[in-house]
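Residue-level structure breakdown
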2 protein chains.
Amino acid sequence: MDYESLRDRYSRFLSRRDEGRKPITFWDGELPSKDLICLEAGMPNEKMFPIKGIDLHLVERPFEDGDEDKVSITRYEEPVEMPIARALQYSEVRGMQPMVNFCKRIVEMINKPVYEHWDVLMSNGSSDSMFKVFETLCDESSTVLMEEFTFSPVVSNVTSTGANCVPLKMHLTTDPREQGIDVEYMEQLLDNWHEIEEYRHLNKPKLLYTIVTGQNPTGMTLSMEKRRQIYRLAQKHDLIIVEDDPYGYLTFPPYDPENPMKNVYTDTENPMSIDEYLQQRLIKSFLTLDTDARVIRLETFSKMYAPGLRLSFIIANKFIIDRLLNLSEITTRAPSGASQAIVYATVKAMATRETAYQDENDRMFYGWIRWAMKLAATYTHRRNVAFKALYETDAYKNHLFSVLEPSAGMFINVKINWPHAKPTDMKSSLDQLDKVLVNKGVKVVLGYKLAVDQKFSMDSSGFLRFTVAYASHDDQLIEGCHRIANGIQEYLGH
Amino acid sequence: MDYESLRDRYSRFLSRRDEGRKPITFWDGELPSKDLICLEAGMPNEKMFPIKGIDLHLVERPFEDGDEDKVSITRYEEPVEMPIARALQYSEVRGMQPMVNFCKRIVEMINKPVYEHWDVLMSNGSSDSMFKVFETLCDESSTVLMEEFTFSPVVSNVTSTGANCVPLKMHLTTDPREQGIDVEYMEQLLDNWHEIEEYRHLNKPKLLYTIVTGQNPTGMTLSMEKRRQIYRLAQKHDLIIVEDDPYGYLTFPPYDPENPMKNVYTDTENPMSIDEYLQQRLIKSFLTLDTDARVIRLETFSKMYAPGLRLSFIIANKFIIDRLLNLSEITTRAPSGASQAIVYATVKAMATRETAYQDENDRMFYGWIRWAMKLAATYTHRRNVAFKALYETDAYKNHLFSVLEPSAGMFINVKINWPHAKPTDMKSSLDQLDKVLVNKGVKVVLGYKLAVDQKFSMDSSGFLRFTVAYASHDDQLIEGCHRIANGIQEYLGH
């Protein structure tokens, strides 16, 4: 599909508000050529910045402070593609070219779209990415499907455009083939949309929003088979798929209760190779099935580098990327150049260790992926620590809760096994349990707070979400898990 | 006015879209207390960031690379209020508290509002600030007044909300009492709104957008007397004033043709004191007249530190700030923590030189203001260089152009003195002149491109805007000015 075909095909998905957005610029946006004296743009000379250099002190792996790497960002020389004179100047709204190229490389190497005219737009964190996507595609006439449990702030991104959210039932199970969106439910819903009492006042959905791997809050991952089925449904009913994937690199090997601390990432005898990680541990994006250019993928540096950078990127067909860029022009413009330069210089430093590769782009890619593996190893270790801690409690042994074992990501869900019938008022039951937990000294998130439609999901919302990400060390995580179990025991004991 | 009164008073200014915005959060947003194990928010532990320290190499003044200051941002210790563990973590949507406090301090010391319930919201550069302000206040029913020449991208910020822009005539003169918005025109327009053929289909304006000091593109500054008159008009006609002030710190003392390189900022015998700068050189914001809490002021670190930081702040009454914050919650969330930490650590470093002050907040404020003075001195020097270069050309001596002397900011406007009548087609005349200039090797911006309504301002748009900000050294600026003059000579010679 060339650009014109993409425009013809996808214009109908644009929101009413997209039409009204006509950025005005009075400059060419071209960088000055050598002979031309450019007195045009109101850009301060870089020697008017109070800063002329930035050194980054990097660590080799999470939680290790041994030998450190120092890498410098100087006014003109380092990194040569993105020194301070560029990074702290006004820069390209779509992201600085070297950074965009690096993001494209990640996509190409791992999730290469099956069509040609795709592109990347950098953005200010996934919240900003989502705002831009929904603002460009949704208005009062739109209906958006999403997992019944989700990162609930995204609901407000959708509803603030005037659009409506409709939840999809999920299979909450550790079975990797079954977990995640209930595809049959989704099929029935779409096939019979106009006959369904509850939704007939809404237009047929035009978007599916899904957190595909290590879903927040459930930790579920859509299998490739499910991805193929969902993609076929999207084709049949002409849906755009917004694939949010902040946790995709943090996949967990299966947990072995016989050997709870086993970690295939760091196995001393047979550590995982980078190819195994790329080929076997990472789940391919919907992009790899996307013959129609209907997938919008969201990635972020928040979990893989640091959330405070507010740096993310969006992958979609070139026409949609242009519409998103059009919105960026009148809102954020470029993401922070400081954030971009920090990530870029870090990746360049990681590249220096990858001496096995000839090409600098390969070195950067593999250097970054090696870091991703180290993070995945850390999360896997913490998953192990948390599971072990939960499974050794009396409350678990007394069957007062079960653990919804996550396949990736930062979250573990503890499902309460109500001793008799499920509570008639799940919300207030969870609120009461929460009070007990806070008294025990642990703070978690209650399942119903993560439901798109609390009524729709009330029966299945009897769980607690907690994260393995933030604890300062294993002992704190263990203590937190024990407090959760003890709190449940105390609460259900009443 | 307490919060309730502000809400009662200013709710009617909110856009239709503001109403639909209901952010959903499932977390408390409280930082974990000492005894509570917080397994709630999906925050990676700071030891999972690949970075543990950042050193900044600072310069003491623009274009000087002598002894440098090195200042460190470490994982936990420095700066104690904003180390990496905080700055690169998810942080407060309104901006990190120490940074917000510093911005508040700037406002309090220079432009203290005359009412009590004002607040500050940090944002991702002034483009983002403007988007948030107009998106929150404007919709299809709104009319916005602005200077007839302006930073034209702001027009698209307004029109993309559905609102209409109406230009205000300006006095383009070097007389400090007269320059800027034609207040009589504005008064007539507002008093007779419903009788004016051209505008009667529009609602009466509810907003004035103005770049108050060193206006872009004209370099004009509104005198205090004009500010008082405009504020009274805003009261009479109930307008919100959006005061954009990116250049306010860069004020120019009058130019002395007898002594073109004179620079009162750096006069060796009698250098300007910090109090003189604050009391005499800076023009007070509309905030200082704002008995009604109707002013929204926009400041940015783009010109004072570096544009690539994408860091700005908005000052307004607490009710309006809350509505803007509400929008930030579903869009950008916090600005880059890397950018915030870089500015904050820099200001802390600048503070160490201010040993005359007891209080750390005073040291930070005066340290920052001393930097602002150094920048203003640099801009004044460049203004001098450019004026001298322009005034020594034959084209100037032959009265082919005049210079609209700016009172502040980054821009100088060269007004073409058309030898006979003004061109009937100003746009194509300027386009032709532009071609000659590019051939001469200099790039400027054409006046008509900066008009809100090209037809309305066609007669007065026969000028070229150029910046003194970007040239790499004085000689390049001089050469650029000569090329402009030679180009005009060649073009008008035909």
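Just so it is clear, the structure is predicted and the values come from calculations on it, not from any experiment.

Here is what the cut-offs are and how they apply
Counting of residues starts from 1 at the beginning of each chain's written sequence and follows it residue by residue. Note on labels: chains are lettered from A, ligands numbered from 1, in written order. At least 70 in pLDDT is required for a residue's local features to be given in this predicted model, at least 80 for side-chain atom pairs to be given and counted, and no such filter applies to totals for whole chains, interfaces and linings, which use all residues. Excluded from the side-chain calculations are hydrogens and water; all other atoms, namely the structure's heavy atoms, are used. pLDDT expresses how confident the predictor is about each individual residue, on a scale running from 0 to 100. Between Lys or Arg on one side and Asp or Glu on the other, a salt bridge is scored when a side-chain nitrogen of the former is within 4 Å of a carboxyl oxygen of the latter. Per the convention used, a helix needs a DSSP run of H or I reaching at least four residues, while a strand needs a run of E reaching at least two, with both numbered from the N terminus. For every residue, the accessible area (1.4 Å probe, protein chains only) is compared with the maximum for its type, and the residue is labelled buried under 20%, exposed over 50%, or partly exposed between those bounds. Contact criterion: two residues are considered in contact whenever any of their non-hydrogen atoms come within 4.5 Å of each other. When two components associate, each loses some accessible surface as probed by a 1.4 Å sphere; the sum of these losses over both components is called the buried area. Any N or O atom pair separated by 3.5 Å or less is treated as a polar contact, with the protein-specific requirement of one donor-capable and one acceptor-capable atom, and with residues adjacent in sequence counted only for side-chain atom pairs. Following the grouping adopted for this structure description, the nonpolar residues are Ala, Val, Leu, Ile, Met, Phe, Trp, Tyr, Cys and Pro, the charged ones are Asp, Glu, Lys and Arg, and the polar ones are all others, Gly among them. Should DSSP find at least two bridges between two strands, the strands are regarded as paired.

1. Focus: the confidence of the model for chain A
Of the residues in chain A, 98% have a pLDDT of 70 or more, and the chain-wide mean is 95. Under the prediction, the complex receives an ipTM of 0.97, its pTM being 0.97.

2. Brief notes about the pattern of salt bridges
Here the structure, examined in full by the defined rule, presents 74 salt bridges over all chains. K348 of chain A is paired through a salt bridge with E81 of chain A; the nearest N and O atoms lie 2.9 Å apart. With K348 of chain A in helix α11 (residues 337-351) and E81 of chain A in the loop between β3 (69-74) and α3 (84-87), this residue pair connects regions lying 267 residues apart in the sequence. Judged by relative accessible area, E81 of chain A falls into the partly exposed class, the value being 26%. Here R297 of chain B makes a salt bridge to E243 of chain B, at a shortest N to O gap of 2.7 Å. Placement of R297 of chain B in strand β11 (residues 295-300) and of E243 of chain B in strand β10 (residues 240-244) is noted, with a sequence separation of 54 residues between them. Of the residues examined, E243 of chain B reaches a relative accessible area of 0% and is grouped as buried.

3. Topic: the interface of chain A and chain B
With 112 residues of chain A at the interface, the matching set in chain B holds 112 residues. Between chain A and chain B the total buried area reaches about 9,300 Å² when both faces are included, carbon and sulfur atoms providing 61% of it. Summed over the shared surface of chain A and chain B, the number is 4 salt bridges. A salt bridge links D65 of chain B to R75 of chain A; its shortest N-O distance comes to 3.1 Å. If you look at where chain A meets chain B, you find 54 residue pairs in polar contact (both at pLDDT 80 or more). Top contributing element to the side of chain A that touches chain B by residue count: strand β2 (residues 51-58) of chain A, with 8 residues. Residues that form the side of chain A that touches chain B fall into these classes: 57 nonpolar, 28 polar and 27 charged. Bridge count between strand β1 (residues 37-38) of chain A and strand β15 (residues 442-443) of chain B: 2 bridges; the pairing is parallel. Residue pairing across strands places C38 of chain A opposite K443 of chain B, the latter belonging to β15 of chain B.

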